[in-house]
Amino acid sequence: MKKLNPSITVIFVISVIIILLNRYTQFHINDYRAHFFFLFFAVSSMVILIGQFFKKMQSNWSIISVFLIIGILCGLKAFFTWGGDWKTQTILYRNIQNKGKTINYQLRGDRFAFGYKKRIVGIYHLAPFMEWTTDVDTLYLDKTKWEEINLQVNEMKLK
């Protein structure tokens, strides 16, 4: 068996795990730049690992060209497929015991269409660009665990 570069393998595994969590769980990357950063490193590290496994990618120029090509392809994918980020307009409730948990009213502007998509979600902030989201029905909310704050954030800068 051919030996793979351990640092590139670690980058590949971590970035693929984050991309798969974002796609198939309630884990959410709330910034398009961070999302495509992880996508870029997942795809380019996979191509480099495959190239090194088959002894096709031995020079620095081949690795640089892979980064450039994958970067351009990820940029094109971002332009044509990204629907927009969910932006918090109002923080409706905050958890009394854990201030990192909130219930937010969010909007997302549709690209290439008019109007906004709306949702009310419970958010647990993990990092500045990562959060865990759950759908919330505020009619059945336990008011003893949540305080109503109705804080206007207006991240979309609407009037």
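What this report covers is the structure whose coordinates are included nearby. Quick caveat, the model's predicted, so the values are computed rather than measured. (Residues numbered from 1 in each chain as written. Predicted model: local features only at pLDDT ≥ 70, side-chain atom pairs only at ≥ 80, totals over all residues. Heavy atoms only, no water.)

## Focus on a nonpolar patch on the surface
Step number 1: A cluster of nonpolar side chains, namely Ile69, Ile72, Leu73, Leu76, Phe79, Phe80 and Phe112, defines an oily patch on the protein surface of about 800 Å² accessible area.
Step number 2: With respect to the helices, strands and loops of the structure, Leu76 is situated in helix H3 (residues 60–81). (Patch = residues over 30% accessible without salt bridge, like charges linked within 9 Å, V, L, I, M, F, W, Y side chains within 5 Å. Areas by Shrake-Rupley, 256 points an atom, 1.4 Å probe, with all protein chains shown as cover. Salt bridge = Lys/Arg side-chain N within 4 Å of Asp/Glu carboxyl O. Helix = DSSP H or I, 4+ residues; strand = E, 2+ residues; numbered from the N terminus.)

## Re the packing of aromatic side chains
Step number 1: All chains considered together, the criterion is met by seven aromatic pairs.
Step number 2: Relative to Phe41, the ring of Phe40 has its centre 5.1 Å away and its plane inclined at 75°; by these criteria the two rings are edge-to-face.
Step number 3: Ring centres 5.7 Å apart and planes at 35° place the aromatic pair Phe40 and Phe67 in the tilted group. Pair noted here: Phe40 is in helix H2 (residues 32–53) and Phe67 is in helix H3, with a separation of 27 residues, a long-range link.
Step number 4: The class of Phe40 is buried, set by a relative accessible area of 19%.
Step number 5: Here the aromatic cluster, defined as three or more aromatic residues joined through ring pairs, consists of Phe37, Phe38, Phe40, Phe41, Phe67 and Phe129.
Step number 6: The ring of Tyr124 has Lys101 sitting right over it, with the charged end atom 5.9 Å from the ring centre. (Phe/Tyr/Trp six-rings, centres within 6.5 Å; stacked < 30°, edge-to-face > 60°. Buried < 20%, exposed > 50% of the residue type's maximum accessible area, 1.4 Å probe, protein only. Lys NZ or Arg CZ within 6 Å of the ring centre and 35° of its normal.)

## Focus: the side chain of Thr102
Step number 1: Along the chain, Thr102 falls in strand E3 (residues 101–109).
Step number 2: Among the polar contacts made by the side chain of Thr102, one reaches the side chain of Asn104 at a distance of 3.0 Å.
Step number 3: Residues contacting Thr102, with those up to four places away along its chain left out, are Ile91, Tyr93, Arg94, Val121, Gly122, Ile123, His125 and Trp146. (Polar contact = N/O pair within 3.5 Å; in protein donor to acceptor, adjacent residues only side chain to side chain. Contact = heavy atoms within 4.5 Å.)

## Structural notes on the environment of Leu49
Step number 1: Along the chain, Leu49 turns up in helix H2.
Step number 2: Leu49 sits in the buried class, given a relative accessible area of 9%.
Step number 3: Taking C-alpha positions, Leu49 is 7.5 Å from Asn5, a pair spaced 44 residues apart along the chain.
Step number 4: With near-sequence residues (within four places) excluded, Leu49 lies in contact with Leu4, Asn5, Ile8, Thr9 and Phe12.

## Some points on H2
Step number 1: With 22 residues, H2 extends 31 Å between its outermost C-alpha atoms, agreeing within 8% with the 32 Å of an ideal straight helix rising 1.5 Å per residue.
Step number 2: With its phi angle positive at about 60°, Lys55 sits one or two positions after the end of H2. (Expected span 1.5 Å × (residues − 1).)

## Quick look at the pattern of salt bridges
Step number 1: Scanning the model with the defined rule gives two salt bridges in all.
Step number 2: Across the pair Arg33 and Asp31 runs a salt bridge whose closest N-O atoms are separated by 3.3 Å.
Step number 3: A salt bridge links Lys99 to Glu147, with the nearest nitrogen and oxygen atoms 3.1 Å apart. With Lys99 in the loop between strand E2 (87–95) and E3 and Glu147 in strand E6 (residues 146–152), this residue pair connects regions lying 48 residues apart in the sequence.

## Focus on the environment of Leu151
Step number 1: Note that Leu151 resides in strand E6.
Step number 2: Overall, Leu151 belongs to the partly exposed group, its relative accessible area being 41%.
Step number 3: The sequence separation of Leu151 and Glu131 amounts to 20 residues, and the corresponding C-alpha distance is 19 Å.
Step number 4: Those residues in contact with Leu151, other than ones at most four positions away along the chain, are Gln89, Thr90 and Ile91.

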